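Each chain is listed here by its residues.
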Amino acid sequence: MQTDLWLMTLIWALPLGTALLARGRWLDRAVRPAAIGTALMVVLLSLWAFVREGSDHAFARSEAVWAPVVLGIRYHVGIDGLTSVLLPVSAGIILAVLIAAPRRVLKSGVIRQILLTESLLLGVLVSLDLSILTLFWVASLLPLLFDLRRRGEYGAARMMMIVGTASSLPMVLFVGLLTVLRAKSGAAVQTPYDLVALAQRQLTDPLPSWLGGLAMVGALVRMGCFPLHFWIVPLSERGPAPLVLTAFATPLGMFLMTRVTMPLFPELFTAAMPILLPLGLLTATYGAILAMAQYDLRRMLGYFWISQQGFLLAGIAAMNAPGVSGALIHAIGTVVVRTGLALLIGGIDARMGTTDVRRLGGLVRTAPRMATGFLLLAMAAVGSPGTLGFVSEDLIVQGLLDHHSIAAVTVLVTTALNGIVLFLAFQRVFLGDGGTFGAGPLVSSPQFPDLLPRERWVAVALFGLLLAGGLLPAPLLAVRTSVVDALHGIEMPGLADPQHEVHAAEPAHAP
Amino acid sequence: MIQSPLIWTFAALGPGWPAMGAVLIGALTLLQQRPRESQVVAIAQWTLLLTLGSVLTGAVLWLSHGQQPVDLRLFDIYRSGDYALELRLYLDLSSVVVATVAAVLILATSRFAQRYLHREPGFNRFYALMLTFAAGVLLLVLGGSYDLLLAGWEVVGWTSVLLVGFFQERPGPVRAALRVLVTYRLCDIGLLVSAVALHRWLHSTAFADIFAHLPQSTHGAMPMFIGLGLLVAAMGKSAQIPVGGWLPRAMEGPTASSAVFYGGLSVHMGVYLLLRSAPLLAHSPGARLCVLVIGAVTAVMAALSGQVSADAKSAVAYATISQVGLMFVEIGLNLPRLALLHLTAHSLLRYYQFLRTPSALQDALQRRRAMAGGGDSASVRAVKVGQTSSFQRFLYRLAIERFAIEAALDRWIARPMLAAARALGRREDALVAWLSGNQQPAKDKGDAD
C-alpha cells in the first residue's frame, strides 16, 4: 500500500520536481542530462509498476489513497491494466524525444516545459479522483500554449486557446455540475469525485447521461476527431517539435474515454455509438484523403494522426473485446509511430531547413539509415505484418466485423490510403534524383548527414518496440483488463443485436 | 518417427529461416558500416538451404499422409475475446508444389545475384529484401488461413515495391515503384474484404475449416462476393487488365529480381490465391465466369501489346501477363490441376528467360552468326504501311498505346481524386487561418528563452 502510493506519486512528481528545480543560468548545461536522467528514472519506475502489476495483481487495479479529504477531494491514485502499459510507453517516448531531438531545438526552457508536460500527462494517467484528474487534464496543454506565445506563434497559440478551452471547459463543467448535483441530492457522500466509487454507484444511482456527454466532448476534442480536429495540423506544423511530441506522448483523449465515459456512463456510450462509429469512419477517411494532398511532411503527419484517431473511435464504438483492445493497442502503436516519424522529420528539418517534399529528394544517397528507419516506421504505421499495427488493425476489424461489416471495409480502405500516403512521402523525400517532383528551389544536399548514433538508436528502439509488440502481443492485451469491467456493464443487455441494445438501454435512464 | 513433433516444427520453419536471415543482415548493417558481401551471401545461402530443407520435409510429411491435405496447428499468436489468430500451416498438392518451386528459384537467384550484383551499392539491400520476400512467399503459400496468407501477401507486396524501385537515384524506377504500390494496396482491399466476409459467413478463415464447411453452405451470394474480392486481389498481383500496367514498368529493377519476382513467383501469386480458393470458386459459377473473362481478355490484349514491344524485357513481361491470363482461364473453367501444372512450368521457364534477357542482344548475334548471314531477312520482316488493312493499323495503334488503359485510369480516377483532396485541403486551410485570427506566423523567430 505504502509502496504503491510512493511509486505512483513519484512517477508524476519526479519530472515536476526536476522541471521546477532546474532553473537558473548556471544550471543550463546540466538541464539536458538531468532531464534525461529524470525521464529514465520515470521509465524505470513505471516499468517496475508494470511488472509489479502483472505479478502482484494480475493487472487488476492497484490503488493507493492518502487519507485527508478536503472539500470532497481526496488524493487517490491507481494503476490498472491500461495505465500499466500506457505509463512506461509514454515515459519511454518522452525519454526518446529528449535523447533524439535536435539539440538546437532542445533548449533548456523547452526541456523544462517537456518535463512539466510529462508530469501533467502522467498525473492524468494515475489519478483516480475526478477533480485531480481534471486539474491535470486542464493544465497539460498549458506549457505548450505558453511556449507558442513566447515564440511569437500567435496564430497557433490562438488555436491552442480554442482547443484548450474546448477540451477543458466541458471537463470543468462536468466536475462543477457533479458538485451541484451531489449537493442537491443531499446524500452524504464523503468523496463525490472518486472514480472508483462513482463507477460502483453507477449501477444503483446513475448519473444523468448529459453529464457524460460533457466528458465525451472533451475527449473527442483532445483526440482530434472530425470536425474538432482543426488544431492538430497547425500545431504539428508550427509548434516546437519536441514539445508537441511530448504533448502527444499519451493518447489522452482515448484514455479519458475509457477511464471516465465508459465506466461511468455505459448507457450514454451505448446510445452514442450510432454517432461515434460514423464519426470515427469519417475522421479516418478525411484524414487519409487530406494527408494525400499535403506537401509538407509535418502537415502530412498531422493528418495521418487524425486519420488514426478515427480508427480508435471506430474501434471503441464496436464495444466488444477485440474492438476495444484493438483501439487501445492501436492508440499506443500510433503514438510510437508518430514519435518515430516526427523525430526523423525533425531531423530532416534540422539538417535541411525545410520539410517541403517539393524541395527534397534523393536523400537516401547520403542517409540510407534515415531512409530505412523512415520506411520501416511507415510500414509499421500502416499495419505491415509482424508489427504492432497489424495486430491492432486486425483486432479493430474483427471487432467491427459482426455488426458493422461496412465499417470494417471502410477501415481497410483507409489503411490502404494511408499506406499510399506514407510511401509517397518516403519516395519524394528519399528516392529519385532530387527535384523531379516540381516547384520550388531544390535544397541541394551533397553532404546530407545520416542519422547520428543517438537518433539511430532511438529509431531502432521505437521500431523494435513495434516489432516486439507485433510478434508477442499477448502482454499488451493486458491493457484491456481494466476496460473489460466497464465493457461488461455495456455488453450485458444483449450482445447479439446492437439495435436491441440501444432500445434496451433507453428505459433504464429515462427516469 | 516421421510424425515426431521435432520434424513437424522443422517443416513449419520454412517461412521462418529467411526471415531470420533478413533480420541478421539488418542487424549486421546496423552494427557495421557495411557488412562484407561474402558474409551476406553466406547468410542468404544457408538460410535458403534450410528453407528448402524445411519445404522438402513438409512435402515428405504430406506424402506420408497419403497425399491428404494436412492442417498443422502450431499455436495462437494472440487471442482477444472469441477471436484468435492462429499460426497454422496447410499442406496440399498446390502448396507443396508451389513452395518447392519458390524455394528452389529463390536459392538459384541468390547464387545468380552474388556475381550479377557484385559491388553494386545496393548489394546488401537486395539480399535483405530477397530474404524478406522469401519469407513472405512461403508464408503466403504454406499459411493455413486467409489471415496468414494475407500477411505473406502484404510482405510480398512491400518487398516487390522496394525492388522495383531498387535503382533509387533514377526517376523511372521510383515512379514505377509508386505505381506498383498503389495498384497492390488498392487491389489488396479485395483480399481483405474477402477475409472479412469469410469470417462473417463461416466464422473462420482457416482453409481446413472453410473447406469442411463449404458443402453445407452453398446458398446465397456469399461465394460469389468472396470470389470477386479474391479476383480483384489476384488481378493486382498477377497484373491482369485493367490493373496490369505496372508489370512492364517494373522491369527497370535488377535482372535477378525481375526474374524471381515477375518471371517466377510474385506474378503467379494471384493464380495461387485462386488455386487455393478453388473449392470456394467451385461453388460460384458467376465468380468463375468473371475470372475466365478477365483472363481471356488479358491474354489477348497482352499478347498484342507484347508483339509490338520494342525492348526484350517488355516483350517478356507482356508474354508473362498473357500466359497468366491463360491460367486465369483455366481456373475459370474449373481446371485447377491444369492451372497448377501451367503455373509450375511457366514460372520455371520464364525465370530462365528473364535471367537471359540482359544477354538477348548477344544471343541474337550468335544466332545470326550461326545462320551465316542468311537469317536476317527471315527474322526481321518489314511491312509497308500501305500494305496493311485499316483494321491492322487500328489494332497496331491500340496495342502500342497499351489500349490506353493507364491514361484512362489516371485521367478519370487518380487526378480527380487528388484534385478533390487538394480542394478540401484549401478549404480547411482557410478555416484554420480564420480560426487563428489570420495571424501570419512569425517565421524562424527562434526560441525566446
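Residues numbered from 1 in each chain as written. Chains lettered and ligands numbered in written order. Predicted model: local features only at pLDDT ≥ 70, side-chain atom pairs only at ≥ 80, totals over all residues.

**Comments concerning the overall build of chain A**
Phase 1 of the analysis: Helix and strand counts for chain A come out as 21 helices and two strands.
Phase 2 of the analysis: Among the 511 residues that make up chain A, the fraction classed as buried is 64%.
Phase 3 of the analysis: In chain A, once contacts between residues fewer than 6 apart in sequence are set aside, the share between residues at least 24 apart is 82%. (Helix = DSSP H or I, 4+ residues; strand = E, 2+ residues; numbered from the N terminus. Buried ≥ 20, exposed ≤ 12 C-beta atoms within 10 Å, placed from the backbone. Contact = placed C-beta atoms within 7 Å.)

**Remarks on the overall build of chain B**
Phase 1 of the analysis: Of the regular secondary structure elements, chain B holds 20 helices and two strands.
Phase 2 of the analysis: What you see for chain B is a C-alpha radius of gyration of 25 Å, in line with the 22 Å of a compact globule of 449 residues.
Phase 3 of the analysis: Along the three orthogonal principal directions, the C-alpha set of chain B runs to about 80 × 70 × 55 Å.
Phase 4 of the analysis: Sorting the 449 residues of chain B into buried and exposed places 47% on the buried side.
Phase 5 of the analysis: For chain B, the share of sequence-separated contacts (at least 6 apart) that also reach a separation of at least 24 residues comes to 75%. (Rg over C-alpha atoms; globule rule 2.2 N^0.38 Å.)

**Observations concerning the nonpolar core**
Phase 1 of the analysis: Counting 321 residues, the largest nonpolar core has M160, A314, A378, V411 and V421 of chain A together with A102 of chain B as the members making the most contacts within it.
Phase 2 of the analysis: Formed jointly, this core draws a minimum of three residues from each of two domains, domain 1 (1-136) and domain 2 (145-357 + 391-398) of chain B.
Phase 3 of the analysis: Not counting residues within four places of it along the chain, the set of residues in contact with V421 of chain A comprises A288, A291, M292, M300 and F304 of chain A. (Core = buried A, V, L, I, M, F, W, Y, C linked by C-beta atoms within 7 Å. Domains from an automatic or database assignment.)

**Some thoughts on the packing of helix 16 (residues 368-381) of chain A against helix 19 (residues 453-471) of chain A**
Residues and elements named next belong to chain A.
Phase 1 of the analysis: Across the interface, helix 16 lies against helix 19 with an axial gap of 10 Å and an inter-helix angle of 25 degrees. Between helix 16 and helix 19, the angle is such that the two are roughly parallel. The hand of the helix 16/helix 19 crossing is left-handed. Contacts from R369, G373, L376, L377 and A380 of helix 16 reach helix 19 at R456, A459, F463 and L466. (Axes fitted to C-alpha atoms, helices over the stretch in contact; angles between N-to-C directions. Parallel < 35°, antiparallel > 145°, perpendicular 65-115°, else oblique. Left-handed = near helix turned anticlockwise from the far one by under 90°.)

**A few points about the domain arrangement of chain B**
All names here are of chain B.
Phase 1 of the analysis: As assigned here, chain B comprises domain 1 (1-136), domain 2 (145-357 + 391-398) and domain 3 (404-435).
Phase 2 of the analysis: Just the C-alpha atoms count here: the centres of domain 1 and domain 2 sit 22 Å apart.
Phase 3 of the analysis: Across the contact, 24 residues belong to domain 1 and 29 residues belong to domain 2.
Phase 4 of the analysis: When residues of the side of domain 1 that touches domain 2 are traced back to their parent elements, those giving at least two are strand 2 (83-91), helix 4 (93-116) and helix 5 (123-142).
Phase 5 of the analysis: Per-element accounting of the side of domain 1 that touches domain 2 gives the leading share, eleven residues, to helix 4.
Phase 6 of the analysis: Across the side of domain 1 that touches domain 2, the residue classes tally to 16 nonpolar, five polar and three charged. (Nonpolar A, V, L, I, M, F, W, Y, C, P; charged D, E, K, R; others polar.)

**Regarding the confidence of the model for chain A**
Residue and element names in this part refer to chain A.
Phase 1 of the analysis: On average, residues of chain A score 82 in pLDDT, and 87% of them reach the 70 mark or higher.
Phase 2 of the analysis: In this model residues 436-441 is a low-confidence stretch, pLDDT under 50, and it forms twelve contacts with partners more than four residues away in sequence or in other chains.
Phase 3 of the analysis: A low-confidence stretch, residues 491-511 (pLDDT under 50), is modelled with 20 contacts involving residues beyond four sequence positions or located in other chains. (pLDDT = per-residue confidence, 0-100.)

**Points about helix 17 (residues 388-401) of chain A**
Phase 1 of the analysis: Here helix 17 of chain A contains 14 residues, and its C-alpha end-to-end distance of 20 Å stays within 8% of the 20 Å for a straight helix at 1.5 Å per residue.
Phase 2 of the analysis: For helix 17 of chain A, the tally of buried residues reaches 14 of 14 residues, placing the bulk of the element in the interior. (Expected span 1.5 Å × (residues − 1).)

**Quick notes on the environment of L28 of chain B**
Phase 1 of the analysis: The residue L28 of chain B is located in helix 2 (residues 16-31) in this model.
Phase 2 of the analysis: Taking C-alpha positions, L28 of chain B is 46 Å from L281 of chain B, a pair spaced 253 residues apart along the chain.

**Structural notes on unusual backbone geometry**
Phase 1 of the analysis: Residue P227 of chain A is bonded to the preceding F226 of chain A through a cis peptide linkage, with omega at 0 degrees.
Phase 2 of the analysis: Looking at where P227 of chain A falls in the secondary structure, it is placed in the loop between helix 9 (209-223) and helix 10 (232-238).
Phase 3 of the analysis: Backbone torsion omega between I241 of chain B and P242 of chain B reads 5 degrees, so that peptide bond is classified as cis.
Phase 4 of the analysis: Tracing the backbone shows P242 of chain B in the loop between helix 9 (222-237) and helix 10 (246-249).

**Examining the interface of chain B and chain A**
When the parts of a complex come together, some accessible area is lost, and that lost area is often used as the size of the interface.
Phase 1 of the analysis: With 47 residues of chain B in contact, the opposing surface of chain A contributes 58 residues.
Phase 2 of the analysis: Counting only elements with at least two residues in the side of chain B that touches chain A, the list comes to strand 1 (70-80), strand 2, helix 6 (146-164), helix 7 (171-202) and helix 20 (405-435) of chain B.
Phase 3 of the analysis: In terms of residues, the side of chain B that touches chain A owes the most to one element, helix 7 of chain B, which gives 15 residues.

**Considering the environment of W158 of chain B**
Phase 1 of the analysis: With respect to the element layout, W158 of chain B can be found in helix 6.
Phase 2 of the analysis: Given 23 C-beta atoms within 10 Å, W158 of chain B falls into the buried group.
Phase 3 of the analysis: Expressed as a C-alpha distance, the spacing of W158 of chain B and Y184 of chain B, which sit 26 residues apart in the sequence, is 8.9 Å.
Phase 4 of the analysis: Those residues in contact with W158 of chain B that sit more than four places away from it in its chain are M379 and S384 of chain A.

**Quick look at the confidence of the model for chain B**
All names here are of chain B.
Phase 1 of the analysis: Put simply, chain B has an average pLDDT of 84, and 91% of its residues get 70 or more.
Phase 2 of the analysis: Here helix 18 (residues 375-379) stands out as the least confident element of chain B, with mean pLDDT 51; helix 12 (residues 269-276) is the most confident, with 94.
Phase 3 of the analysis: Note on residues 440-449: pLDDT is under 50 here. Beyond four places in sequence and across chains, it has 17 contacts.
Phase 4 of the analysis: In the predicted assembly, ipTM is 0.86 and pTM is 0.88.

**Details of helix 4 (residues 108-126) of chain A**
Phase 1 of the analysis: Helix length check: helix 4 of chain A (19 residues) gives 27 Å between terminal C-alpha atoms against 27 Å at 1.5 Å per residue, within 8%.
Phase 2 of the analysis: The element helix 4 of chain A is largely enclosed, with a buried count of 18 among its 19 residues.

**As for the packing of helix 4 of chain A against helix 5 (residues 130-139) of chain A**
Angle between the axes and distance between the axes: these two values describe a pair of packed helices.
Residue and element names in this part refer to chain A.
Phase 1 of the analysis: Helix 5 packs onto helix 4 with a crossing angle of 150 degrees between their chain directions and a minimal axis gap of 8 Å. Between helix 4 and helix 5, the angle falls in the class roughly antiparallel. Crossing handedness for the pair helix 4 and helix 5: left-handed. Contact with helix 4, carried on its side by L120, G123 and V124, involves L133, F136, W137 and A139 of helix 5 and no other residues of that element.

**A few points about the environment of L375 of chain A**
Phase 1 of the analysis: Position of L375 of chain A relative to the elements: it lies in helix 16.
Phase 2 of the analysis: The spacing of L375 of chain A and G469 of chain A is 94 residues in sequence and 18 Å in space, taken between C-alpha atoms.

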